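Close look at the chain arrangement
Listed below are the residues making up each chain.
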Amino acid sequence: GNTLRIKPRLPGAWNTMTYNNVRVGGQRADITVKRDANGGEHTITKRTNGALALRTVVRVPAGVTPCQVLVDGVRVAPVSIDTAIGAVTVAGQLPVANGAARRIRVDLRSPADVAGPGQTIGGDGQLTADDIIVYLNWFFAADGRADVAGPGQSVGSDGQFTADDIIVFLNGFFAGCV
């Protein structure tokens, strides 16, 4: 069906794994799977030109409902979320061009949860004014943690501190879910 279907699971102690040159018909792609304290991520990089569909399952802890699902920094609705086994299924098309990448990210909590009480650094499961103050301090100090947006308010760093970063942070803050 010209569809790359993956359900990768990392061994318990591993936080990342890369599969190189995966073949689907006449197409090839590299797949990097990552997990961190806030969720999981798959990056698929095409190694050939041409159309290829994708259906991937991002693993998260069982019993947890994800806060957001992003494809290339844009919020999307997943195909399904199975909290019993901790699986979030995402489908779509991969970029056509050789070397182009698609990034699927599942966050378990709001990325805007950056501070605890008294503006301590680190999420506390609540979105409060402390989160906004800490974020703005990072932004005006040109701290890399404040670089949360790329061009057009896409989610992901671009090495620049612009109003897009503040807008993306505040959108995440007001979208809620912690």
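Residue numbers run consecutively from 1 along every chain, following the written order of its sequence. Owing to the predicted nature of the model, reporting of local features is limited to residues with pLDDT of at least 70; listing and counting of side-chain atom pairs is limited to 80 or more, with chain, interface and lining totals taken over all residues. To get the side-chain values, take all heavy atoms of the structure and skip hydrogens and water.

**Considerations on the pattern of salt bridges**
A pairing counts as a salt bridge when a side-chain nitrogen of Lys or Arg comes within 4 Å of a carboxyl oxygen of Asp or Glu. The final tally for this structure, using the stated rule, is seven salt bridges. A salt bridge links R105 to E41; the nearest nitrogen and oxygen atoms lie 3.6 Å apart. Residue R105 is located in strand β10 (residues 101-107), and its partner E41 is located in strand β4 (residues 39-46); the two are separated by 64 residues in the primary sequence. On the basis of relative accessibility, which here comes to 10%, the residue E41 falls in the buried class. Across the pair D143 and R145 runs a salt bridge, and its minimum N-O distance is 2.7 Å. Each of D36, E41, R103, R105 and D107 takes part in one network of salt bridges that share partners. Starting at the N terminus, helices and strands are each numbered in turn, a helix being any DSSP run of H or I of at least four residues and a strand any DSSP run of E of at least two. Think of it in three bands: with a 1.4 Å probe and only protein chains considered, a residue is buried below 20% of the maximum accessible area for its type, exposed above 50%, and partly exposed in between.

**Here's the deal with the environment of W14**
Turning to its location among the elements, W14 is positioned in the loop between β1 (3-6) and β2 (16-24). When the C-alpha positions of W14 and A149 are compared, they lie 28 Å apart, and in sequence the two are 135 residues distant.

**Section: the sheet that holds β2**
Here we have six strands laid out as an open sheet, ordered β2-β3-β4-β10-β6-β7, and antiparallel in their pairing. This sheet does not close on itself; its edge strands, each paired only once, are β2 and β7 (74-75). Summarising the sheet, strand β6 (residues 68-71) and β7 pair through two bridges and their orientation is antiparallel. Looking across to β7, one finds that V71 is bridged to V74. A strand pair is defined by DSSP finding two or more bridges across the two strands.

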